[in-house]
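# Tertiary structure, described
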Amino acid sequence: MSLCVLSCEKSPISAVELKTAEKQIHFVKSFFPEVLSQELNLSKVSSPLFVESGIGLNDDLNGVEKPVTFIIPQYHADKKIEIVQSLAKWKRMMLGIYDFRLGEGLYTDMRAIRPFDKIDATHSAYVDQWDWELSISKEQRTLDFLKETVEKIYSALKVTEKKLSEMYAQFETVLPEKITFIHSEELLELYPHLTPQEREIEICRKQGAVFLIGIGGDLQDGKPHDGRAPDYDDWTTPTHDKFKGLNGDILVWNAKLASAFELSSMGIRVDEDALRRQLELKGQCHRSELLFHSKLLKGELPYSIGGGIGQSRLAMFLLRKRHISQVQASVF
């Protein structure tokens, strides 16, 4: 069990090293969001740790995870409250409530508990990420705009890495100049005999940094590259030819782990048609009656693009750590 930043090395880490590591973690977690907010024109807002159950506001992730629930007797003894799993849908509602104009958006320090996630070197039951959402027009719901946004985020990653290397000589810059875009269908064609995870490893080993497009929909082999809930990212809208999906993951090559390493999941959000289509594909049409979904279907929510960028994940990558317990206080 770990309740503090621990070393995964055989020899115990000293107090001086712990303090230095904390300073480095603080730098990453304070510098990067400032650069990100400038790149994407985002304002920081406060966010909830929990929301009311049964209104469709909590993120369902892959659609199978169970959120932590409890009650607040003085609020309502019969209503369940859920710890958030992410803020994918909450953020979109806030764009309207805060009246953000086109090209403006928000970001927040999201904290979540995902007890049913796998726990390993890169996953914790405690999740900390920068959740962000940007208001866009219907005409901007394109693959080109998605790529432009990814490039801005990647620029923020590179600026942070460069600044860290200037402050601490032991951290060399490793991110390539450009991020490579590839669709999950193309990746399947490249490595048809590999698992999705193995495909990610091979492409990241080769390119260094990749945005993998089209996560959630079935590929030519009849299986999705990975799961996505049906009610936030758009993974069914045709882009060109046989390709579908306006979402994806930012992946980098992690030399410490000799593996692909996900830093962000993001995408253009569903419009009315994509929501109906994806709810039907997942057999969840009943969700259309929930608060969030009904507002979206009535056209009462802004079109948007958004995602989450792991705070501990980014610190782990930039500080060249082998285990998430080295950058996060949690239970392992």
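This one's a predicted model, so the numbers in the text were calculated from it and none came from an experiment. (Residues numbered from 1 in each chain as written. Predicted model: local features only at pLDDT ≥ 70, side-chain atom pairs only at ≥ 80, totals over all residues. Heavy atoms only, no water.)

### Thoughts on the sheet that holds strand β3 (residues 69-72)
To keep things clear, this is the line we draw: In this scheme, strands are said to pair when DSSP sees at least two bridges between them. Every helix listed is a DSSP run of H or I at least four residues long, and every strand listed is a run of E at least two residues long, numbered separately from the N terminus. Here, axes are lines fitted to C-alpha atoms. For helices the fit covers the stretch in contact, and angles between N-to-C directions go from 0 to 180 degrees.
Taken in spatial order, the 3 strands make up an open sheet running β2-β4-β3, and their pairing is antiparallel. Of all the strands in the sheet, the pair left with one neighbour each is β2 (50-52) and β3. Geometrically, the sheet is characterised by an average inter-axis angle of 45 degrees between neighbouring strands, direction not taken into account.

### What to know about the pattern of salt bridges
Definition in use: We define a salt bridge as a contact between a side-chain nitrogen of Lys or Arg and a carboxyl oxygen of Asp or Glu at a distance within 4 Å. Only protein chains enter the accessibility calculation, which uses a 1.4 Å probe; a residue is then buried when its area is under 20% of its type maximum, exposed when over 50%, and partly exposed in between.
Here the structure, examined in full by the defined rule, presents 21 salt bridges. Note that E161 and R320 form a salt bridge whose closest N and O atoms lie 3.3 Å from each other. One end of the pair, E161, is in helix α3 (residues 143-167); the other, R320, is in the segment after α8 (311-318), with 159 residues separating them in the sequence. In this pair, the class of E161 matches that of R320, namely buried. The salt bridge partner of R269 is D233, with a shortest N-O separation of 2.6 Å. Remark: D233 occurs in the loop between β8 (209-213) and β9 (238-240) and R269 occurs in the loop between β12 (259-268) and α6 (272-281); sequence separation between them is 36 residues. For R269, a relative accessible area of 3% gives the class buried. Within this structure, K91, D131, E133, R228, D233, D249 and R269 form a network of salt bridges that share partners.

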